[in-house]
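What the coordinates show
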Amino acid sequence: MKMLIFVAVAGFSEADLDVEVREGLLIISARKSDLEKKNYLHRGIANRSFKQQFQLADHVQVIGVNHLDGLLHTELER
């Protein structure tokens, strides 16, 4: 049985994202590589790092990750 997890990652490139499985946790984190200070009139998307964790059951495996159109698609299989 296949399942999907979607995480909105608008404004982040693939190089900014890190996905790992460690000790039964799926860990998705992002850090902006562009540290340059800029002046904005309006910035609609937050430009801060994040870390999201999902507890995986023993019989669930991550079989694929795809970054497309501002969404990170993580495919799981039971």
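About the thresholds
- Residues numbered from 1 in each chain as written.
- Predicted model: local features only at pLDDT ≥ 70, side-chain atom pairs only at ≥ 80, totals over all residues.
- Heavy atoms only, no water.
- Pairing = 2+ DSSP bridges.
- Helix = DSSP H or I, 4+ residues; strand = E, 2+ residues; numbered from the N terminus.
- Axes fitted to C-alpha atoms, helices over the stretch in contact; angles between N-to-C directions.
- Buried < 20%, exposed > 50% of the residue type's maximum accessible area, 1.4 Å probe, protein only.
- Contact = heavy atoms within 4.5 Å.

This part is about the sheet that holds strand E2 (residues 17-22). What the three strands build is an open sheet, ordered E2-E3-E4; its pairing is antiparallel. Each edge of the open sheet is held by one strand with a lone partner, namely E2 and strand E4 (50-55). Each strand axis lies, on average, 15° off the axis of its neighbour in the sheet, ignoring direction. Bridge count for strand E3 (residues 25-30) against E4 is six bridges, and the pairing is antiparallel. Across the sheet, residue Leu25 finds its bridge partner in E4, namely Gln55.

Here we come to the sheet that holds strand E1 (residues 2-8). The strands that make up a sheet are held in pairs by hydrogen bonds between backbone atoms, and each pair lies either parallel or antiparallel. With respect to topology, three strands assemble into an open sheet ordered E1-E6-E5, the strand pairing being antiparallel. Only two strands of the sheet have a single neighbouring strand rather than two, namely E1 and strand E5 (61-68). Along the sheet, successive strands turn relative to each other by an average axial angle of 20°, direction set aside. Note: E5 against strand E6 (residues 71-77), seven bridges, orientation antiparallel. Paired with Val65 across the strands is Thr74, a residue of E6.

Another point: the environment of Gly11. Summarising the element assignment, Gly11 is placed in the loop between E1 and E2. On the basis of relative accessibility, which here comes to 48%, the residue Gly11 falls in the partly exposed class. Each C-alpha atom of the pair Gly11 and Lys32 lies 8.8 Å from the other, and the pair is 21 residues apart in sequence. Discounting residues that sit within four places of it in the chain, Gly11 has contacts with Asp16 and Lys32.

So, about the environment of Leu76. The residue Leu76 is located in strand E6 in this model. We classify Leu76 as buried; its relative accessible area is 5%. Along the primary structure Leu76 and Lys2 are separated by 74 residues, whereas in three dimensions their C-alpha atoms are 5.6 Å apart. Excluding its chain neighbours within four sequence positions, the residues that come into contact with Leu76 are Met1, Lys2, Met3, Ile5, Leu56, Val60, Gln61, Val62 and Ile63.

The next subject is unusual backbone geometry. Notably, Glu23 is not glycine yet its phi reads approximately 55°, a positive angle. Looking at the element boundaries, Glu23 is found in the loop between E2 and E3. On the basis of relative accessible area, Glu23 is assigned to the exposed category, the value being 79%. Despite not being glycine, Asp69 shows a phi value in the positive range, around 55°.

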